[in-house]
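# Inside the fold
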Amino acid sequence: MAEKHSRMFLRLAVYIVLAATAAGGAATWYTRNLESTYQARTLLILAPMPIEQEDKILGNLTLVNEPTRRVNFLKVKMLEALPMPDYKAILTSEDMTARLRNVFQEQYQQAGVAAGGMTLERVARSIEVRSRIQLQTSDRVEYQRVVELVVTAKDPKVAAGVANAWAEMGIEMAERIRKTASEGAVEFMQKRYDEAWGQYEALQQQLETIEGQYNPEGMKQRLAEMESSFTSNESRKSDLAIDIARLEGETGEMDKLLATPEKTDAGELAARRAGAISELAGLRAQRQAMEEESVRLQTALTSLRADVARVNGDQEKLRLKIDGQKKTVEELNLSLQAVRTVAEDPMREFKIVSRAVPPEEKSGPQRSLMILVAVVIAAIAAPVYFFGMIALRRYAALLDKEA
C-alpha cells in the first residue's frame with residue numbers, strides 16, 4: 001500500500017512539474033510577443049476663477065445703503081469654474097480622444113514606429129486622468145488642484161510627446177469652455193441690467209406723466225389759496241354776524257322809542273330806523289352769499305384735498321419703486337462689471353506644472369509576473385486534474401460492478 005501511494009505522489013509531482021513547465025514556457029512565449037509599453041506623465045494645476053462677489057464693508061460704511069458709496073469695497077472671490085469630475089470628462093471626451101489619435105499617429109510616424117490599429121477605444125485606454133481627493137465630508141468633496149495626465153504608448157518619446165500635446169489641448173479646450181461660459185454670464189447679466197434699466201425708465205416716465213398731467217405743486221398751491229379763501233370767508237361771516245346782531249339790537253331799541261308817545265323827534269328816529277333796516281338787509285344778503293360761497297369752497301376743498309392726497313400717494317409709491325429699482329440697477333451694474341472683469345481675465349484655466357519627459361524604463365507588460373501567475377495556476381490545476389481523474393476512474397469501476 002505504501003509503495004502504491006509513493007507511486008501516486010510521484011506521478012502527481014511529475015504532473016505538477018510538467019504542467020508548470022508547460023505553462024511557464026507558454027507564458028514566456030506569449031509575453032515575448034507582447035510589445036513593451038511606456039508611461040509618461042504631465043502635471044497640470046487648476047487655476048481658480050474669480051466669479052463670486054463678496055461685499056465686505058468695514059467701519060461705519062456698513063450702514064450705507066447706497067451701492068455707489070460701496071463700490072470700492074466690492075471684492076471678487078476666487079473659485080474653480082467646474083468640479084474636478086467634469087474636467088475629467090472633458091479631458092477624456094470623444095472629441096479629445098479623436099484629436100489625440102491624430103497626435104498618436106504623428107508621433108509614431110516621427111519615431112519610426114508602427115502605430116498599429118489606433119482605434120478610438122484603444123486611444124481611450126491609453127490615456128488616463130488622475131486626481132486625488134484632498135478633503136471629503138458628508139456634504140462636500142475637495143480635490144487637489146494638481147491633475148495628472150498619464151499616457152501609455154509603445155515608445156517612450158511618443159508617450160511624452162502625446163502627454164505634452166494632450167496638456168496643451170486640454171488647456172485650449174478649458175479656455176474655450178471658460179470663454180463660452182463667461183460670455184454667457186455677461187450676456188445674462190447684461191440682459192438683466194437692461195431689463196432693470198428699462199423698468200427704471202418706465203417708472204420715471206410714469207412719475208413724469210403724473211407731474212405733467214396734474215402739476216402736484218400747482219395743486220398744492222391752489223389748495224393753500226383755497227383754504228386761505230375759505231378761512232377768510234369764515235372770518236368775514238363771523239364779522240357779519242356781529243354786525244347783524246348789532247343792527248338788530250339797534251332797530252329793536254328804535255322800535256321801542258317810536259312806540260313812546262312823548263317822543264318829539266319821531267321823524268329823525270324813523271329815518272335812522274329805515275337806514276338801519278336797509279343796512280341790515282344788505283348784511284343779511286351778504287351773509288347768505290358768503291354761506292353759499294362757504295358751501296362751494298368746502299365742496300371744492302374736499303375734492304381738491306382728495307386729488308392732492310391721491311397724487312401725492314401715487315408720487316410716493318412711484319418714488320419708492322424708483323429708489324428700489326435704482327438700487328437694483330446699481331447692484332446689477334456692479335455685478336455686470338465683475339462678470340466682465342472675469343470674462344476679460346487673461347488667466348488660463350490650467351497651467352502646466354511639469355512637462356512629460358521620455359521614460360527610461362518600461363511600464364509593462366509585467367512579463368515575470370505573468371509567467372509566475374501562469375506557473376502557479378498550472379501547479380494548482382495539476383493536482384486538481386490528477387485527483388479528479390482518479391475519482392472518475394473509481395466511480396466508473398463502481399458503476400461497472402453494480403452493472
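First things first, this report covers the structure right here in the doc. Note that this is a predicted model, so its numbers are computed, not measured. (Residues numbered from 1 in each chain as written. Predicted model: local features only at pLDDT ≥ 70, side-chain atom pairs only at ≥ 80, totals over all residues. Heavy atoms only, no water.)

For the protein chain, the helix and strand inventory stands at nine helices and eight strands. Per-residue burial over the protein chain gives 29% buried out of 403 residues. The long-range fraction of contacts in the protein chain, counting pairs at least 24 apart against all pairs at least 6 apart in sequence, stands at 81%. (Helix = DSSP H or I, 4+ residues; strand = E, 2+ residues; numbered from the N terminus. Buried < 20%, exposed > 50% of the residue type's maximum accessible area, 1.4 Å probe, protein only. Contact = heavy atoms within 4.5 Å.)

On to a nonpolar patch on the surface. Judged by side-chain polarity, L369, L372, V373, V376, I377, I380 and V384 come together as a nonpolar surface patch covering roughly 660 Å² of accessible area. Tracing the backbone through its elements, the reader meets I377 in helix α9 (residues 367-402). (Patch = residues over 30% accessible without salt bridge, like charges linked within 9 Å, V, L, I, M, F, W, Y side chains within 5 Å. Areas by Shrake-Rupley, 256 points an atom, 1.4 Å probe, with all protein chains shown as cover. Salt bridge = Lys/Arg side-chain N within 4 Å of Asp/Glu carboxyl O.)

This next bit is on the side chain of E148. The topology assignment puts E148 in strand β7 (residues 146-153). One polar contact links E148 to R132, side chain to side chain, over a distance of 2.7 Å. Discounting chain neighbours no more than four positions away, the residues touching E148 are R41, T42, L43, E128, V129, R130 and R132. (Polar contact = N/O pair within 3.5 Å; in protein donor to acceptor, adjacent residues only side chain to side chain.)

Running from N to C, helix α4 (residues 94-111) and helix α6 (residues 156-214) cross one another at 145 degrees; their axes reach a closest spacing of 9 Å. In this structure, the crossing between α4 and α6 has a hand that is right-handed. Contacts between α4 and α6 pair D95, M96, R99, L100, V103, F104, Q107, Y108 and A111 from the former with K157, V158, G161, V162, A165, W166, M169, G170, E172 and M173 from the latter. (Axes fitted to C-alpha atoms, helices over the stretch in contact; angles between N-to-C directions. Left-handed = near helix turned anticlockwise from the far one by under 90°.)

Let's shift gears to the pairing of strand β5 (residues 133-136). Relative to strand β6 (residues 141-143), β5 runs antiparallel, the two sharing three bridges. When the bridges of β6 are listed, Q136 appears paired with V141. The hairpin formed by β5 and β6 contains four residues between the paired strands. (Pairing = 2+ DSSP bridges.)

Applying the stated criterion to the full structure yields two aromatic pairs. Ring geometry for F104 and Y108: centres 6.2 Å apart, planes at 25 degrees, overall stacked. One end of the pair is F104 and the other is Y108, both in helix α4 and four residues apart, which spans about a single turn. Ring plane angle 35 degrees and centroid distance 5.3 Å describe the contact between W197 and Y200, whose orientation is recorded as tilted. Of this pair, W197 and Y200 both sit in helix α6, three residues apart, which is roughly one turn of that helix. Using a relative accessible area of 37% as the deciding quantity, one classes W197 as partly exposed. (Phe/Tyr/Trp six-rings, centres within 6.5 Å; stacked < 30°, edge-to-face > 60°.)

Time to look at the environment of E293. Take E293: it is sitting in helix α8 (residues 266-343). Given a relative accessible area of 28%, E293 falls into the partly exposed group. When the C-alpha atoms of E293 and S229 are compared, they prove to be 9.8 Å apart, with 64 residues separating the residues in sequence.

A negative phi angle characterises most non-glycine residues, just as the trans form characterises most peptide bonds. One non-glycine residue, N215, adopts positive backbone phi at about 50 degrees. Mapped onto the elements, N215 comes out in the loop between α6 and α7 (216-258). With a relative accessible area of 41%, N215 lands in the partly exposed category.

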